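# Working through the structure, step by step
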Amino acid sequence: MNKKSILVFSMALSIVGGATAAVYASEHAVNSTKNRVVTVTSKEGNATNQTTESNKNHVVKVANGKISNEEAVKIATKALKDYRGLDAKSFGEARVNRTNAQEDFKFFMDLYSKEDAAVLKENAKKDTANIIIVQFVRAEDLKQAMAASNRIVINEKTGEIVSLTAFTNEDRSSETTIDDAKVKSAVINFFGKQQKNVKENTMKVSKTANSGTIRVLCDLEDGRDVTMTISLKNYSVSSYEINYDRLIPLPSEEKDYRENFRELKVI
């Protein structure tokens, strides 16, 4: 629920008429266009706007929470480089918005099945984290209302990157054979770079590949569960999301995990 709902919700925020939008122009040009950071407040609209002008740049900061929008973009830029080898300067714009799972619960409560909605109500009782979503959009896609983007989610309280989605052309593959040993190595090495340990014998992999990618489930030693997408072309991690709020999985998710995943076969 968390990944799908936040993605839809963040897209909705970018086109909500009542949202507050601001533009930050950086010094890096992309395709004759300045990089811009568009910041969008949560639908509660409780941000404070401050405007600063320099000789070339017009900066609008939305002061909201412990990490500034500019700092969030820096964190996301580093994550994009460290985890996917991508340079954020190659994108035309970075869009920043903030939310909390509580907003998702309210928004989606009536859209889920009766069984899922019951679990949503239980999850809504939890103390959920404020998160910052940074989306990098290609310059050629800026005019599209819902342009595809690379997406990084930051836990505002801890600064931890709890989710990242960044697909590249290199991820495309016609490969369908899954090498379990390579999957295991990819997962362990990926989280090892973050100084996180994967709990032994918790990895599961999707039974089939989709467009050359597979889905992977695992638990971290700190007790949080993770969902991932891995490319079969080079076994790089295209996306991951940590269950940072330790939410109870929805019945529909558990059904998906039972029917479409298998335990990793590695001796």
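Computed from a predicted structure; not experimentally measured. (Residues numbered from 1 in each chain as written. Predicted model: local features only at pLDDT ≥ 70, side-chain atom pairs only at ≥ 80, totals over all residues. Heavy atoms only, no water.)

### As for the environment of Gln194
So the rule is basically this: Helix and strand definitions follow DSSP, with helices as H or I runs of at least four residues and strands as E runs of at least two, each counted in order from the N terminus. Classification of residues uses two cut-offs on accessible area relative to the type maximum, computed with a 1.4 Å probe and protein chains only: under 20% is buried, over 50% is exposed, and between them is partly exposed.
Considering the arrangement of structural elements, one finds Gln194 in the loop between α5 (180–192) and β9 (204–206). On the accessibility criterion, Gln194 (12% relative accessible area) is buried. Along the chain, Gln194 and Glu160 lie 34 residues apart, while their C-alpha atoms are 9.7 Å from each other.

### Points about the packing of aromatic side chains
Threshold: Stacked, edge-to-face and tilted labels apply to pairs of Phe, Tyr and Trp rings (six-membered ring for Trp) whose centres lie within 6.5 Å, assigned for plane angles under 30 degrees, over 60, and everything in between, in that order.
The full count for this structure, using the stated rule, is nine aromatic pairs. Judged by centre distance (6.4 Å) and plane angle (75°), the rings of Tyr83 and Tyr240 are edge-to-face. Note that Tyr83 is positioned in helix α2 (residues 69–84) and Tyr240 in strand β12 (residues 237–242), a separation of 157 residues in sequence. Looking at Tyr240, the relative accessible area reads 0%, which means it is buried. Geometrically, the ring pair formed by Phe190 and Tyr240 is edge-to-face, given 5.1 Å between the ring centres and 70° between the ring planes. Here Phe190, found in helix α5, pairs with Tyr240, found in strand β12; they are 50 residues apart in sequence, far enough to count as distant. Through a chain of ring-to-ring contacts, three or more aromatic side chains come together here, namely Tyr83, Phe190, Phe191 and Tyr240.

### What about the pattern of salt bridges?
Pairing is possible between side chains that carry opposite charge, provided their charged atoms lie close to one another. Short version of the rule: When a carboxyl oxygen of Asp or Glu lies within 4 Å of a side-chain nitrogen of Lys or Arg, that pair is called a salt bridge.
Counted under the stated rule, the structure contains eleven salt bridges. Lys78 is the salt-bridge partner of Asp82, the closest N and O atoms lying 2.5 Å from each other. Here Lys78 and Asp82 lie together in helix α2, a separation of four residues that amounts to about one turn. Given a relative accessible area of 53%, Lys78 falls into the exposed group.

### A short note on the pairing of strand β8 (residues 161–165)
We count it as follows: For two strands to pair, DSSP has to find at least two bridges joining them.
Within β8, four of the five residues are buried, which leaves it mostly tucked inside the rest of the structure. With four bridges connecting them, strand β7 (residues 149–155) and β8 associate as antiparallel partners. Residue pairing in the sheet places Ile152 in a bridge with Leu164 of β8. Here β7 folds back onto β8 in antiparallel fashion, the turn holding five residues, of which Gly159 has a positive phi close to 80°. Here three bridges tie β8 to β12, and the two strands are oriented antiparallel to one another. Counterpart to Ser163 in the pairing with β12 is Glu241.

### Structural notes on the nonpolar core
For soluble globular proteins, nonpolar side chains are generally found buried alongside one another. Just so we agree on the cut-off: The set of buried Ala, Val, Leu, Ile, Met, Phe, Trp, Tyr and Cys residues whose side-chain atoms join them within 4.5 Å is what this entry labels a nonpolar core. We call two residues contacting when some pair of their heavy atoms lies within 4.5 Å.
The biggest cluster of nonpolar side chains holds 41 residues, and the ones touching the most others in it are Val134, Phe136, Val187, Phe191 and Met228. Excluding residues that lie within four positions of it along the chain, Phe191 makes contacts with Lys196, Val198, Cys218, Leu220, Val226, Met228, Tyr240 and Ile242.

### Focus: the side chain of Glu156
Short version of the rule: The term polar contact refers here to a pair of N or O atoms within 3.5 Å; inside protein, the definition further demands a hydrogen-donor-capable atom paired with an acceptor-capable atom, and it admits residues adjacent in sequence only when both atoms are side-chain atoms.
Within the secondary structure, Glu156 sits in the loop between β7 and β8. On the basis of relative accessible area, Glu156 is assigned to the buried category, the value being 8%. Of note is the side chain of Glu156, whose polar atom sits 2.6 Å from the backbone nitrogen of Lys66. Within polar-contact distance, the side chain of Glu156 engages the side chain of Arg98 at 2.9 Å.

### Looking at the pairing of strand β11 (residues 225–231)
With six of seven residues buried, β11 is to be regarded as a mostly interior element. The pairing of strand β10 (residues 213–219) with β11 spans seven bridges and is classified as antiparallel. From the neighbouring strand, Val216 faces β11, where its bridge partner is Met228. Relative to β12, β11 runs antiparallel, the two sharing five bridges. The residue bridging Val226 from the neighbouring strand is Ile242, located in β12.

### What to know about the confidence of the model for the chain
The line we're drawing: A residue's pLDDT is simply how confident the predictor is in it, with values from 0 to 100.
In the predicted model, the chain carries a mean pLDDT of 78, and 73% of its residues have values of at least 70. In this model, residues 3–35 is a region of pLDDT below 50 whose contacts with residues beyond four sequence positions or in other chains number 82 contacts. When the criterion is pLDDT under 50, residues 40–64 qualifies, and its contacts beyond four places in sequence or with other chains add up to 54 contacts.

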